[in-house]
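Chain by chain, the residues run as shown.
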Amino acid sequence: MAVSGCFPLPVVFCFLLGEKGVLLYPRITAPWHRTVTVPRGKKELGETAREACIREIEEETGYRLRSLRLRGIAHILSGENEATGYYFSSRDFEGELRDSCEGVPFWHPAEESLSLEGINPFYSLLAPKILDETAPLFEAKILSDDRGICSFSFVNA
């Protein structure tokens, strides 16, 4: 996890849900390159987490979000680096799917995504809470290293 001079680094993640499942892509950049996850990106100065999610989805997929829902917040500590992840989901978007410099997105059945080869460990941990659309908003604390997740805890927000 690269740090750009601020702690914690704010990052947004968006689970796009559609008829074909959940939108995923194999990461081609660090951190966690060569793992499969959802579109994500850093919040820019002056943006809300919601605005960052809308911008990142359009940049990485070509889709424009019409609405989205905050599903949870994760405080992630990895060595000397710290990030706050804001996890959103949406079923309400428009546009045409396209590739980006982040990877080639693809739809995959949500119920099969946890067993997908190369799935990111953070996805495996958080997706069950996000894909269950009746689950309450969560807050998590996650300790990780370059090999994976070392420990975690959840509370309902």
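The structure under discussion appears in the preceding block.
Residues numbered from 1 in each chain as written. Predicted model: local features only at pLDDT ≥ 70, side-chain atom pairs only at ≥ 80, totals over all residues. Heavy atoms only, no water.

Draft legend 1. View of the overall build of the protein. Looking only at helices and strands, one finds three helices and nine strands in the protein. Element order for the protein, N to C, with α for helix and β for strand: β-β-β-β-α-β-β-β-α-α-β-β. For 157 residues, the compact-globule estimate of 2.2 N^0.38 gives 15 Å, and the C-alpha radius of gyration of the protein, at 14 Å, lies within 12% of that figure. For the C-alpha atoms alone, the extent of the protein along its principal axes is close to 40 × 35 × 30 Å. Relative to its full complement of 157 residues, the protein shows a buried share of 44%. Partitioning the contacts of the protein with sequence separation of at least 6, the portion at a separation of at least 24 is 63%. Per element, the accessible surface of the protein, about 8,200 Å² overall, is 54% carbon and sulfur. Averaging the locations of the 17 positively and 23 negatively charged side chains of the protein gives two centres separated by 2 Å. (Helix = DSSP H or I, 4+ residues; strand = E, 2+ residues; numbered from the N terminus. Rg over C-alpha atoms; globule rule 2.2 N^0.38 Å. Buried < 20%, exposed > 50% of the residue type's maximum accessible area, 1.4 Å probe, protein only. Contact = heavy atoms within 4.5 Å. Areas by Shrake-Rupley, 256 points an atom, 1.4 Å probe, with all protein chains shown as cover. Lys, Arg positive; Asp, Glu negative; His and termini not counted. Charge placed at Lys NZ, Arg CZ, Asp CG, Glu CD.)

Draft legend 2. Molecular detail of the environment of Lys129. Structurally, Lys129 is set in helix α3 (residues 121-131). Judged by its relative accessible area of 28%, Lys129 is partly exposed. If near-sequence neighbours (up to four positions away) are discounted, Lys129 is found in contact with Arg71, Ala135, Phe138 and Phe154.

Draft legend 3. Structural context of empty space enclosed by the protein. For the coordinates displayed, the defined rule picks out one cavity of 30 Å³ or more. Together, Tyr25, Glu60, Thr61, Ser100, Glu102, Gly103 and Pro105 line the largest cavity. When the residues that make up the lining of the largest cavity are grouped by side-chain class, the tally is two nonpolar, three polar and two charged. (1 Å grid on protein atoms, 1.4 Å probe; cavity = no way out; pocket = protein on both sides within 12 Å on 5 of 7 lines; lining within 4 Å. Points joined across faces, edges and corners; volume = space filled by probe spheres on them. Nonpolar A, V, L, I, M, F, W, Y, C, P; charged D, E, K, R; others polar.)

Draft legend 4. Fine view of the side chain of Glu60. Looking at where Glu60 falls in the secondary structure, it is placed in helix α1 (residues 49-61). Despite being buried, Glu60 has no salt bridge partner; Arg40 is the closest side chain of opposite charge, sitting 5.5 Å away. What Glu60 contacts, discounting residues up to four positions off in sequence, is Tyr25, Pro39, Arg40, Gly41, Arg98, Asp99, Ser100, Glu102 and Pro105. (Salt bridge = Lys/Arg side-chain N within 4 Å of Asp/Glu carboxyl O.)

Draft legend 5. Seen up close, the nonpolar core. In this structure, Phe15, Val22, Tyr87, Tyr123 and Ile142 are the most contacted members of the largest nonpolar core, which totals 24 residues. Looking at this core, the elements that each hand over two or more residues are β1 (9-18), β2 (21-26), β5 (64-78), β6 (81-94), α3 and β8 (138-145). Per-element accounting of this core gives the leading share, six residues, to α3. Discounting residues that sit within four places of it in the chain, Val22 has contacts with Phe15, Leu16, Leu17, Val38, Phe106, Trp107, His108, Ala110, Ser113 and Tyr123. Ranked by size, the runner-up nonpolar core spans 13 residues in total, among them Cys14, Ile57, Leu68 and Phe93. (Core = buried A, V, L, I, M, F, W, Y, C linked by side-chain atoms within 4.5 Å.)

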